[in-house]
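Spelled out from the first residue to the last, the chains are:
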Amino acid sequence: MDLKEIQSLIKLLEETAMTEIEVEEDGRRIRIRKEPGPTTIQVPNAYHEASFVPTVSAPAVQKENPLEVVGSSSRSPVSKTPITEPNDHLIVVHSPIVGTFYAAHSQEADPYVRVGDFVKKGQTLCIVEAMKLMNEIESDLSGTLAVICVDDKSSVEFGQPLFKIEPSV
């Protein structure tokens, strides 16, 4: 990996909500992490396992406007179920980056979550692919998945609602 490639990774990190990128090439691994303050680059000397999937946690969730309209799904196992009661108690998980939303890790696999599933804090909800990097979006809270706001394989924008979760008490 040359300096220009590293600089482009740093620029990607600065322009998105991603907090960390890790890339392995020819037995060398580079991790770039964005924390409060300057960007940090770590290049370990030891060889690490070859199969690496970078992950990005979703940013802090926010309460959503209860009047938001949610569309229908084109994939039945991940169908969206509109909430008929007021949903001002639901917590929304927003996309931390621009990319493509995937409900499962492959076309043949079951989705990570379905409407009605109980999700735990730290559980993978979906993948958002950005520039060939598969970013696992994790739940920041435990609760029941009430709504899936986007269709599988659709483009998502930064800050776009992905899921609505009813927090457990």
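Residues numbered from 1 in each chain as written. Predicted model: local features only at pLDDT ≥ 70, side-chain atom pairs only at ≥ 80, totals over all residues. Heavy atoms only, no water.

Chemist: Looking at this model, I keep getting lost on the packing of aromatic side chains. Mind explaining?
Modeler: The geometry of an aromatic ring pair comes down to the distance between the two centres and the angle between the two planes. For the structure shown, the criterion picks out one aromatic pair. Judged by centre distance (5.9 Å) and plane angle (50°), the ring pair of phenylalanine 101 and phenylalanine 163 falls under tilted. Pair noted here: phenylalanine 101 is in strand 6 (residues 99-102) and phenylalanine 163 is in strand 12 (residues 161-167), with a separation of 62 residues, a long-range link. Taken as a pair, phenylalanine 101 and phenylalanine 163 share a single burial class, namely buried. (Phe/Tyr/Trp six-rings, centres within 6.5 Å; stacked < 30°, edge-to-face > 60°. Helix = DSSP H or I, 4+ residues; strand = E, 2+ residues; numbered from the N terminus. Buried < 20%, exposed > 50% of the residue type's maximum accessible area, 1.4 Å probe, protein only.)

Chemist: Please explain the pairing of strand 12 as it appears in this structure.
Modeler: For strand 12, the tally of buried residues reaches five of seven residues, placing the bulk of the element in the interior. Pairing analysis gives four bridges linking strand 5 (residues 91-94) to strand 12, with the strands arranged antiparallel. Its bridge partner being in strand 12, valine 92 is matched across the sheet by lysine 164. Strand direction decides the pairing type here: strand 10 (residues 143-148) and strand 12, joined by five bridges, are antiparallel. (Pairing = 2+ DSSP bridges.)

Chemist: What's the story with the nonpolar core in this structure? I'm lost.
Modeler: Within soluble globular proteins, side chains that are nonpolar tend to cluster in buried spots. Of all hydrophobic cores here, the largest spans 31 residues; its most connected members are Ile21, Phe101, Leu162 and Phe163. Sorting the residues of this core by element identifies helix 1 (3-15), strand 1 (20-25), strand 2 (28-33), strand 5, strand 8 (124-130), strand 9 (133-138), strand 10 and strand 12 as the ones contributing at least two each. Broken down by element, the residue count for this core peaks at five residues, all from helix 1. Those residues within four positions of leucine 162 in sequence are excluded, and the remaining contacts are Val93, His94, Ser95, Phe101, Cys126, Val128, Ile137, Val147, Ile148, Cys149, Val150 and Val156. (Core = buried A, V, L, I, M, F, W, Y, C linked by side-chain atoms within 4.5 Å. Contact = heavy atoms within 4.5 Å.)

Chemist: I'm lost on the confidence of the model for the protein chain in this one. Help?
Modeler: Should pLDDT be low for a region, the predicted coordinates there are not to be read in detail. Residues of the protein chain with pLDDT of at least 70 account for 67%, and the chain-wide mean is 74. Scored below 50 in pLDDT, residues 36-85 shows 116 contacts in the model against residues more than four places distant or in partner chains. (pLDDT = per-residue confidence, 0-100.)

Chemist: When you look at the environment of valine 156 in this model, what are you seeing that I'm missing?
Modeler: With respect to the secondary-structure elements, valine 156 resides in strand 11 (residues 155-156). Taking relative accessible area as the criterion, valine 156 reaches 0% and is therefore assigned buried. In this structure, the C-alpha to C-alpha distance between valine 156 and valine 128, residues 28 residues apart in sequence, is 8.1 Å. Leave out the neighbours within four places in its chain, and valine 156 touches Ser95, Ile97, Val98, Gly99, Phe101, Val128, Val150 and Leu162.

Chemist: It is not clear to me how the pattern of salt bridges should be interpreted in this structure. Could you clarify?
Modeler: When the charged atoms of two side chains lie near each other, side chains of opposite charge can form a pair. Summed over the entire model, instances satisfying the criterion amount to one salt bridge. With a closest N to O distance of 3.9 Å, aspartate 110 and arginine 114 form a salt bridge. (Salt bridge = Lys/Arg side-chain N within 4 Å of Asp/Glu carboxyl O.)

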